[in-house]
Amino acid sequence: MKKRPVDIVVISDVHLGTYGCHAKELLKYLKSIKPEQVVLNGDIIDIWQFSKRYWPKSHMKVIKLIMEWITKGVKVYYITGNHDEMLRKFVGFRLGSFSIENKIVLDLHGKKAWMFHGDVFDVTMQHSKWIAKLGAMGYDFLILLNSGVNYLSKQMGRGRVSMSKRIKNGVKSAIKFIGDFEKTAADIAIEKEFDFVVCGHIHQPQIRQIKTPKGTVMYLNSGDWIENLTALEYYKGEWELYQFNEDARMKANDIEVSEADEALEKNILFERLLEEFNSISSPERL
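Residues numbered from 1 in each chain as written. Predicted model: local features only at pLDDT ≥ 70, side-chain atom pairs only at ≥ 80, totals over all residues. Heavy atoms only, no water.

Things to note about the nonpolar core
Argument step 1. By size, the foremost hydrophobic cluster in this structure holds 37 residues, and its most contacted members are Ile11, Leu16, Tyr29 and Trp225.
Argument step 2. Elements represented by at least two residues in this core include exactly strand E1 (4-11), helix H1 (23-31), strand E2 (33-41), helix H2 (57-71), strand E3 (75-79) and strand E5 (98-101).
Argument step 3. The element best represented in this core is H2, accounting for eight residues.
Argument step 4. Judged by nonpolar contacts, the second largest core, of 17 residues, contains Ile79, Leu108, Ala113 and Tyr234. (Core = buried A, V, L, I, M, F, W, Y, C linked by side-chain atoms within 4.5 Å. Buried < 20%, exposed > 50% of the residue type's maximum accessible area, 1.4 Å probe, protein only. Helix = DSSP H or I, 4+ residues; strand = E, 2+ residues; numbered from the N terminus.)

Topic: the sheet that holds strand E9 (residues 206-212)
Argument step 1. Read across the sheet, five strands follow the order E6-E7-E8-E10-E9 without closing on themselves; strand pairing throughout is mixed. Of all strands in the sheet, those with a lone pairing partner are strand E6 (103-108) and E9, marking the two edges. This sheet shows a mean twist of 25 degrees between the axes of neighbouring strands, independent of strand direction. (Pairing = 2+ DSSP bridges. Axes fitted to C-alpha atoms, helices over the stretch in contact; angles between N-to-C directions.)

Concerning the pairing of strand E11 (residues 230-235)
Argument step 1. The buried fraction of E11 amounts to five of the six residues, a majority that puts the element mostly inside the structure.
Argument step 2. Where E1 lies against E11, three bridges are found, and the strand directions are antiparallel. Bridged to Val10 within E11 is Leu232.
Argument step 3. Inspection of the sheet shows E11 paired to strand E12 (residues 238-243) by six bridges, in the antiparallel sense. In the sheet register, Thr230 faces E12, and the bridge partner there is Gln243.
Argument step 4. Hairpin connection, E11 to E12: the antiparallel pair is bridged by two residues, and Lys236 has positive phi, about 55 degrees.

A word on the packing of H1 against H2
Argument step 1. Between H1 and H2, the least distance of the axes is 8 Å, while the angle of their chain directions is 25 degrees. The angle between H1 and H2 falls in the class roughly parallel. Crossing of H1 over H2 shows left-handed handedness. Between H1 and H2, the residues in contact are Ala23, Lys24, Leu26, Leu27, Leu30 and Lys31 and Ser58, His59, Lys61, Val62, Leu65 and Trp69, respectively. (Parallel < 35°, antiparallel > 145°, perpendicular 65-115°, else oblique. Left-handed = near helix turned anticlockwise from the far one by under 90°. Contact = heavy atoms within 4.5 Å.)

Re a positive patch on the surface
Argument step 1. Together, Lys3, Lys31, Lys34 and Lys72 make up a positively charged patch on the protein surface.
Argument step 2. Turning to its location among the elements, Lys72 is positioned in the loop between H2 and E3.
Argument step 3. You can call Lys72 exposed: its relative accessible area is 67%. (Patch = residues over 30% accessible without salt bridge, like charges linked within 9 Å, V, L, I, M, F, W, Y side chains within 5 Å. Areas by Shrake-Rupley, 256 points an atom, 1.4 Å probe, with all protein chains shown as cover. Salt bridge = Lys/Arg side-chain N within 4 Å of Asp/Glu carboxyl O. Lys, Arg positive; Asp, Glu negative; His and termini not counted. Charge placed at Lys NZ, Arg CZ, Asp CG, Glu CD.)

So, the sheet that holds E3
Argument step 1. Taken in spatial order, the seven strands make up an open sheet running E4-E5-E3-E2-E1-E11-E12, and their pairing is mixed. In this open sheet, the two edge strands, each paired with only one partner strand, are strand E4 (94-95) and E12.
Argument step 2. In terms of strand pairing, E3 meets E5 through four bridges, oriented parallel. Opposite Tyr77, over in E5, you have Ser99 as the bridge partner.
Argument step 3. Sheet strands in contact with H1 are E1, E2, E11 and E12, and its direction is about 140 degrees off that of E1.

Some details on the pattern of salt bridges
Argument step 1. Throughout the structure, instances matching the rule amount to six salt bridges.
Argument step 2. In this structure, Arg208 engages Glu182 in a salt bridge whose closest nitrogen and oxygen atoms are separated by 2.7 Å. Here Arg208 is found in strand E9, whereas its partner Glu182 is found in helix H6 (residues 172-191), with 26 residues between them in sequence.
Argument step 3. A relative accessible area of 35% places Arg208 in the partly exposed class.
Argument step 4. Overall, the relative accessible area of 6% leaves Glu182 in the buried class.
Argument step 5. With a shortest N-O distance of 2.8 Å, Lys183 and Asp187 are connected by a salt bridge. Remark: Asp187 and Lys183 occur in helix H6; sequence separation between them is four residues, near one turn of the helix.
Argument step 6. Classification of Lys183 by relative accessible area gives partly exposed; the value is 49%.
Argument step 7. What makes Asp187 partly exposed here is its relative accessible area of 29%.

Here it is as structure tokens:
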């Protein structure tokens, strides 16, 4: 199948290394596009919950594909999030077309796009990080439980349900948090005279204009690859919200993701990571 050209793709909240991550679906999507620039907007690898005991081959393949893009000269920005905050020690690191950043500003046809993960707006993250980490563990357990519920639901001939979505959409404080997050991001972007503000973090895919007395900005959120399976695409001057579950080509299963999804032993995992790193850092690749 011919790959779709994309000027920029923005992906966030993949949470590689957790049970809820849909790495196979993400891999199929990544194999279907040909991007010029890639923005990994935080929480790509879930270092908070990383376990050497759980790292399926599909998770490794996502890393490998991104590294292949780097070796081909595709510009890849890794913007740090809260679940991969350990990488903030390496902000400014550059290797070929790859760089680690806390935030970036891209010029898009004369307009400025401000991109960052968004955990800086999360009060829980700033003052009670242990509560946030505990909540992340609970969320991962809920996703795992949800998988079991959906399996039984499928056996009974019923559709899929999202327990966490129902909880978030039904709790007033959660709805208020999302609204406050979007408003804060928009207010600061307008004040700084950006045309676009691009975030992740809250797992709520969105593209909408936000207007305040001080101005207007387009707010975008790339969603996640735990529940929504979404990404942002910029092509020929236009932004679009990609939704894996709405992509007919993905439903047709045109793209093969080979090999069984088995967990890699820890020694094999780190050997593979080292091999991939060496392959992009060798002189002939740079």
